[in-house]
Amino acid sequence: MTVSTALEAETEDADEQVPLLAVDNLRVSFGGREVVKGISFTARRGRCLAIVGESGSGKSVTARTLVGLTGPGSEVRSDRIELDGLDLSAPSERAWRAIRGCDIGFVLQDALVSLDQLRRVGDEIAEPLRVHGWGTAASRARKAVDLLDSVGVPEPAVKARQRPYELSGGLRQRALIASAIALDPKLVVADEPTTALDVTVQAQVLDLLAEAKARGTAIIMISHDLSVVARLADEVAVLRDGEIFEHGPVHEVLRDPRHAYTRALLDAIPSEHTRGTRLVRPAQGEDAPRRTRRPIDRGRPVLEAKQLSKVYRGPDKVDRTVVNDVSFQLFAGETLGIVGESGSGKTTTAGVALSLIAPTSGEVLLHGEAWSTLPPRRRRPLRKQIGVIYQDPLSSFDPRWPVGRIIVDALAMGHRPPSSRSAARERAVRLLEQVGLGEQHLDAAPLRLSGGQQQRVAIARALAPEPEVIICDEPVSALDVSIQAQVLDLLTDLQDELGVSYLFISHDLGVIHHMSDRIVVMKDGRVVESGAADEVFHRPRHPYTQRLLTALPLLARA
Amino acid sequence: MTALSLAPAAVRLRVRPATALSLLIVALLVVAVLAPAVLTSRSPNAIDLQHTLLSPSLSHPFGTDDAGRDLYTRVVYGARESFGIGLGATALAMAIAVLLGFTAGLARGIVDTVLTRILEVAFAFPVLLLALLLIAIRGPSLATEIVAVGIGSAPGYARMVRGQVLHVRQARYIQSSVALGHTWWAVIRQHLFPNAMRPLVAMLTLGVGQSIVWASGLAFLGLGVAPPSPEWGALLDAGRVSITTSPWLEIMPGLVIVLATLALTALGRTLQHRLEGAAR
Amino acid sequence: MTTAVQAVPLRAPLARSGVRAARRGLVKLATAILVLVAAASVTFFAQLLVPGDRATAILNQQTGRAQRWSAADLAPVNHQFGFDRPLLVQYANYVAGLFRGDLGTSYTQHRPVTEVIGDEIVPSLVLTVAALVTAWLIALAVILLTAKRNRFVSAIGSTWEALTASLPPYWIGVVLLVVFAVELRIFPVIGGTGASGTVLPVLALAIPLAGFLGQVTRDEFEKVLDQPFVITARTRGMSDTAVRLRHALRHSVLPAITLSGWALGALLSGAVIAENVFGRPGIGQVLVVAVNTRDVPTVSGIVLVVAGVYVIANLIVDLAYTLIDPRLRAS
């Protein structure tokens with residue numbers, strides 16, 4: 001928050017400057033279909049413009065167009081694209097090659113796939129130097145180490161000789177940024193630079209970009225995450241369907257948006273403020289409708305984990321303890337949230353709770369009876385009581401099966417298997433309607449559905465056997481904010497209607513806080529904190545929880 | 001590419017010209033194997049010393065050989081052996097491969113290790129040399145050729161099957177099926193087997209093409225089924241001598257082999273791309 | 001005191017990884033030897049598949065008559081080839097002989113198989129290795145030039161590969177022979193083992209293999225060119241050619257390298273045919289004669305030598321693989 005106030009003081013200076021990058025009426029089309037429909041924006045030295053939008057908005061295309069990598073089959077037209085006096089509206093490929101890496105740096109998301117895994121980190125960072133004829137091989141190697149050091153990578157000389165997969169996620173992303181700023185470009189374009197990163201690492205990466213900004217680099221950041229934007233951006237442009245719907249200083253746009261779309265986007269963000277309400281509002285301006293919850297029966301835990309441990313033996317004969325003495329209870333009708341970063345063991349815990357993974361020690365009880373210790377044959381008929389939905393629903397469907405078959409298959413394994421094919425079909429249709437789809441989706445191939453629709457099918461399948469517990473493993477992490485809101489609302493509606501309990505796993509604190517009644521915080525396989533949602537969030541006791549909460553790029557909302 | 005739509009609107013296939021051509025060629029081959037009389041009225045061994053070494057013409061599309069036999073007819077009848085060996089050997093290879101590959105992929109542990117080692121050893125024998133070894137031991141015959149090529153190509157397929165089984169086995173949808181409460185057997189039957197075998201269908205067509213090349217190779221060396229069998233490789237071998245004087249004797253059978261293999265390969269690749277696109 | 005303690009942690013991990021690598025190498029070598037012994041066992045026991053009694057078969061072959069022989073006639077044959085010893089002893093002697101370099105005795109020539117094969121193997125090996133190298137060069141050139149460019153060029157590239165991969169080597173061989181040796185007289189018809197006599201056979205073997213390797217690599221190459229790290233490379237200002245050579249190539253050759261081990265074995269057997277077509281000296285002639293005279297030990301011997309080549313090639317391929325993709329080294 002202090003970052004934005006400090007910059008307000010400089011706003012007057014920046015206004016005087018000529019913008020570093022000026023784009024007027026940019027239009028991009030692919031094969032006749034227009035994806036970017038005439039947008040205009042500027043980027044100034046020492047300031048960050050965030051271009052925000054959901055998938056399909058055209059934000060990535062815009063970013064790529066700024067470095068001439070729009071892609072094959074594209075047509076780019078504009079009234080003006082000028083970088084510091086240089087005309088970028090139609091340079092030759094050779095001209096582009098001189099600009100890329102030198103005048104404009106580009107940062108992609110997820111360094112794991114954005115860096116060449118077979119080459120050393122030092123070589124990757126030194127590559128822009130080599131391409132633009134900078135120094136000698138030896139001096140380039142030294143500069144690469146210096147760059148690693150400047151982005152805060154410890155032991156830079158050692159790390160430079162390693163390969164990207166040997167570094168942790170955060171260090172990798174820093175190395176990626178280092179390679180983008182190697183030649184001190186005037187403009188840095190970052191396309192979703194913090195996606196797929198843990199919250200604590202996100203904060204570090206944003207700080208790094210802020211440092212570059214303070215040195216005078218102009219930054220254009222593409223993101224779908226408004227809270228990340230709040231931390232770094234000075235200006236925000238909201239893109240939807242190739243058009244800019246809203247454009248202004250960050251605190252204005254986020255605190256008091258003028259456009260309904262922006263407002264809806266902001267409202268759809270789950271957080272502590274949205275607890276107990278539905279995220280999608282029926283009409284603009286109205287208050288969010290509250291949920292009508294069923295009472296939670298605290299006398300009867302439906303799912304109980306007792307001192308679970310899971311140890312894996314690696315190929316090098318080293319034991320890795322992925323889950324370490326984890327215990328929790330899930331009561332009827334409630335949502336227990338498990339929050340943790342990558343490597344915390346939360347997904348393995350889910351697998352053990354489902355009895356798809358056998359624990360090394362400890363046990364899981366279902367309705368107070370043995371569950372994980374049962375022999376598979378006795379456990380199978382009980383599996384209808386517990387269902388699961390995953391982050392990537394498409395991978396959980398047999399690629400050859402249409403939606404109808406997927407659901408009927410689940411119905412047949414449930415508490416009340418349908419007696420005939422027509423009865424099965426009827427119930428499948430009803431299930432689809434319950435999750436917001438329809439009869440027309442029965443014969444659809446899941447591959448052809450959108451991400452949100454696929455997740456709805458997964459929910460329908462999970463509901464079909466009429467379970468009492470559903471384990472949700474990062475169910476909304478791959479969805480756009482507005483779709484995420486719809487799916488979360490669907491889950492809460494179903495809970496209110498059917499009384500089903502959720503074991504809800506996520507790395508997103510806002511989602512967890514919105515959904516959960518009680519929370520378990522995991523780190524490195526251990527439970528570091530647990531308790532009622534409000535308790536954990538407002539009065540965290542463990543230092544890790546505290547760090548997690550402060551790293552969260554919070555939106556300053558009234 | 002232009003799209004040809006065959007069949008009524010209810011069943012529409014978008015077929016590229018190349019694929020249509022390949023299908024046609026393979027269809028002709030199948031007819032040649034099953035009912036050669038449909039394609040030619042002559043007999044493959046009908047000697048006609050009045051019309052030896054004629055170059056291709058309307059009545060003799062491929063010309064005649066040194067004994068006056070119509071080359072086209074010989075090629076048609078030769079399909080039985082060449083294509084037949086190809087089909088038989090590939091079928092045998094696939095049967096072995098599925099058995100070994102599935103066992104290794106599903107069982108894992110020590111069974112998998114042992115089977116993989118066995119496959120490694122088997123892999124060290126090139127198909128052609130294994131065939132030669134078997135022929136040296138048992139003498140040349142149709143059965144020996146089919147068994148030899150079949151056993152020789154099996155390890156390659158078995159490796160692929162095993163790889164597919166291992167890959168599909170860790171798929172999320174397998175997990176989901178287990179989580180629903182299906183028995184292991186139901187999961188294998190409904191999900192694992194169909195999805196693991198899918199990409200291998202393309203391999204089959206490629207394999208038949210390869211087997212034809214190998215079988216013809218053996219005949220070319222004079223080690224195929226005994227003459228005067230019109231097996232394609234034998235025709236190539238016979239045609240070598242007169243290549244400068246009567247080149248059609250060498251070129252025509254060779255062209256047929258090339259076309260057959262090409263058609264099968266193209267079909268295989270198309271199937272591969274189609275299936276890869278539908279699955280993930 | 002303190003310096004010694006500090007020195008240990010620094011050195012130990014390096015030494016440990018070196019020891020681990022050496023141990024892995026030894027395991028691989030031992031496995032390779034086991035594979036060879038297993039292969040030899042297969043060929044040994046395959047001999048028992050000879051219809052009827054082995055001594056009878058040998059005598060029949062020698063005399064050109066198919067008849068039953070008296071015990072007195074069979075005895076010297078049995079003794080000469082050791083058939084009168086218990087089977088396990090025969091097997092043990094066979095395997096022991098392998099380690100000495102003894103591949104048994106030819107049924108027809110009554111000489112050690114190693115003598116029969118003798119120097120003939122060298123020109124075949126030369127042909128094989130040259131064909132592999134040539135195949136790689138052709139495949140790489142075609143891919144670098146045609147992969148993932150405009151539709152027309154890419155289609156030409158993949159059609160060329162599909163076409164050449166389906167061509168039987170003996171057919172290409174004959175066509176090459178006719179066109180370049182007989183008609184154009186650039187190369188000799190019967191070339192012997194000199195350089196000019198090697199070009200056409202090498203091409204006959206290399207072209208189909210190039211098509212096959214190309215198909216496999218092209219698929220990978222096109223997938224790799226869509227990967228994010230390739231885009232990153234472009235954003236640094238790299239030219240398209242540089243991106244292909246410096247980034248994409250390394251990633252996409254991996255499957256083809258794995259296949260090269262197998263390819264070497266297949267090429268050697270293809271060499272048999274090529275030698276037949278071009279009248280070139282090598283084991284091809286030896287092999288065909290041996291098969292025709294049912295000289296099983298010679299054929300087995302050749303098969304084993306080829307298996308040996310394959311195993312060694314695979315060891316080299318494994319090594320090349322870990323050099324190119326260090327991720328495998330870690331596991």
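Residues numbered from 1 in each chain as written. Chains lettered and ligands numbered in written order. Predicted model: local features only at pLDDT ≥ 70, side-chain atom pairs only at ≥ 80, totals over all residues.

1. Quick word on the overall build of chain C
A count of helical and extended segments in chain C gives 15 helices and zero strands. Taken over C-alpha atoms, the radius of gyration comes to 26 Å for chain C, far larger than the 20 Å a tight globule of 331 residues would show. Principal-axis analysis of the C-alpha atoms places the extent of chain C at approximately 85 × 80 × 30 Å. For chain C, restricting intrachain contacts to residue pairs at least 6 apart in sequence, the fraction spanning at least 24 positions comes to 71%. (Helix = DSSP H or I, 4+ residues; strand = E, 2+ residues; numbered from the N terminus. Rg over C-alpha atoms; globule rule 2.2 N^0.38 Å. Contact = placed C-beta atoms within 7 Å.)

2. Observations concerning the interface of chain C and chain B
On the chain B side, the residues contacting the 43 residues of chain C number 34 residues. Going through the elements one at a time, α1 (2-46), α7 (151-166), α8 (169-183), α12 (254-278), α13 (283-292) and α14 (296-324) of chain C are the ones with two or more residues in the side of chain C that touches chain B. Among the residues making up the side of chain C that touches chain B, the classes are represented as 34 nonpolar, seven polar and two charged. (Nonpolar A, V, L, I, M, F, W, Y, C, P; charged D, E, K, R; others polar.)

3. Describing the confidence of the model for chain C
Do not read the predicted coordinates in detail wherever pLDDT is low. Residue and element names in this part refer to chain C. Of all residues in chain C, 92% have pLDDT values of 70 or greater, and the mean over the chain is 81. For the stretch residues 1-11, pLDDT sits under 50, and the model shows zero contacts to residues farther than four places along the chain or on other chains. This prediction of the complex comes with two scores: 0.82 for pTM and 0.82 for ipTM. (pLDDT = per-residue confidence, 0-100.)

4. What to know about helix α7 (residues 184-197) of chain B
Residue and element names in this part refer to chain B. Its axis deflected by about 30° at His191, α7 carries its strongest bend there, up to four residues before the proline Pro194. Looking at α7, one finds that the buried residues are His191, Leu192, Asn195 and Ala196. On the buried face of α7, the contacting elements are α5 (142-169) and α6 (172-180). (Bend = angle between axes of the 7 residues up to and from the residue. Buried ≥ 20, exposed ≤ 12 C-beta atoms within 10 Å, placed from the backbone.)

5. Digging into the interface of chain B and chain A
Contacts between chain B and chain A engage 17 residues on the former and 17 residues on the latter. For the side of chain B that touches chain A, the secondary structure elements donating two or more residues are α6 and α7 of chain B. Of the residues belonging to the side of chain B that touches chain A, the class tally is eight nonpolar, seven polar and two charged.

6. Quick notes on the sheet that holds strand β11 (residues 243-249) of chain A
Residues and elements named next belong to chain A. The sheet built from six strands is open, its strands ordered β7-β8-β9-β3-β10-β11 with mixed pairing. The open sheet has two free edges, formed respectively by β7 (104-107) and β11, since each of these has just one partner strand. The average undirected angle you get between the axes of adjacent strands in this sheet is 15°. For β7 and strand β8 (residues 187-191), the ladder comprises four bridges, and the chain directions are parallel. Bridge assignment links Val107 to a residue of β8, and that residue is Ala190. (Pairing = 2+ DSSP bridges. Axes fitted to C-alpha atoms, helices over the stretch in contact; angles between N-to-C directions.)

7. A word on the confidence of the model for chain B
Residues and elements named next belong to chain B. Here chain B averages 82 in pLDDT, and 92% of its residues register 70 or above. Within chain B, the element-level pLDDT minimum falls on strand β1 (residues 4-6), averaging 34, and the maximum on α6, averaging 94. Confidence over residues 1-13 falls short of pLDDT 50; this stretch has 12 contacts with residues more than four positions distant or in other chains.

8. Remarks on the sheet that holds strand β17 (residues 386-389) of chain A
Residue and element names in this part refer to chain A. Ordered by their spatial adjacency, six strands build an open sheet running β17-β18-β19-β14-β20-β21, and the pairing between neighbours is mixed. At either end of the open sheet lies a strand with only one pairing partner, and these are β17 and β21 (526-532). Neighbour to neighbour, the strand axes of the sheet diverge by 15° on average, direction disregarded. Where β17 meets strand β18 (residues 469-473), four bridges bridge the pair, whose relative direction is parallel. The residue bridging Gly387 from the neighbouring strand is Ile470, located in β18. Its contacts with the sheet put helix α13 (residues 346-353) on β14 (335-339), β18, β19 (501-506) and β20 (518-523), and the angle it makes with β19 is roughly 155°.

9. Brief notes about unusual backbone geometry
Residue and element names in this part refer to chain A. Of note, Asp110 is a non-glycine position whose phi angle comes to about 55°, a positive value. Residue placement: Asp110 occurs in the loop between β7 and α4 (111-114). Overall, Asp110 belongs to the partly exposed group, with 18 C-beta atoms counted inside 10 Å. Here Glu155, not a glycine, exhibits a phi torsion of approximately 50°, which is positive. Mapped onto the fold, Glu155 is located in the loop between α6 (137-150) and α7 (156-160).

10. Focus: the nonpolar core
Residues Val229(A), Leu503(A), Ala131(B) and Leu132(B) are the most contacted members of the largest nonpolar core, which totals 321 residues. If one sorts the elements of this core by residue count, helix α2 (residues 71-107) of chain B sits on top with 15 residues. Leave out the neighbours within four places in its chain, and Val229(A) touches Ala50(A), Val52(A), Met221(A), Ser223(A), Val236(A) and Val250(A). (Core = buried A, V, L, I, M, F, W, Y, C linked by C-beta atoms within 7 Å.)

11. Things to note about the pairing of β14(A)
Residues and elements named next belong to chain A. Along β14, five of the five residues are buried, which leaves the element largely enclosed by surrounding structure. Going residue by residue along β14, you find Thr335, Gly337 and Val339 tucked away on one face and Leu336 and Ile338 tucked away on the opposite face as well. In the sheet, β14 pairs with β20 via four bridges, with the strands oriented parallel. Bridged to Ile338 within β20 is Val520.

12. Describing the environment of Ser74(A)
Residues and elements named next belong to chain A. Relative to the helices and strands, Ser74 is located in strand β4 (residues 74-77). We classify Ser74 as partly exposed; it has 16 C-beta atoms within 10 Å. Sequence separation between Ser74 and Arg33 is 41 residues, and the spatial gap between their C-alpha atoms is 9.6 Å. Residues within four places of Ser74 in sequence aside, it is in contact with Val28 and Phe30.

13. Considering the packing of helix α2 (residues 54-63) of chain C against helix α3 (residues 71-81) of chain C
Helix-helix packing: each pair is described by the crossing angle between the helix axes and the interaxial distance. Residues and elements named next belong to chain C. Following both chains from N to C, one finds α2 and α3 inclined at 100°, their axes separated by 9 Å at the closest point. Regarding the angle of α2 to α3, the classification is roughly perpendicular. Residues Ala55, Thr56, Ile58 and Leu59 of α2 form the contact with α3, whose participating residues are Asp73, Leu74, Val77 and Asn78. Here the residues of the contact of α2 with α3 sort into five nonpolar, two polar and one charged. (Parallel < 35°, antiparallel > 145°, perpendicular 65-115°, else oblique.)

14. As for the packing of helix α4 (residues 127-138) of chain B against α5(B)
Residues and elements named next belong to chain B. Interaxial distance between α4 and α5 falls to 8 Å at its minimum, and their mutual angle equals 145°. When you trace α4 past α5, the crossing you get is right-handed. From α4, Val127, Leu130, Ala131, Leu134, Ile135 and Arg138 reach across to α5, where they touch Thr144, Glu145, Val147, Ala148, Val149, Ile151, Gly152 and Ser153. Here the residues of the contact of α4 with α5 sort into nine nonpolar, three polar and two charged. (Left-handed = near helix turned anticlockwise from the far one by under 90°.)

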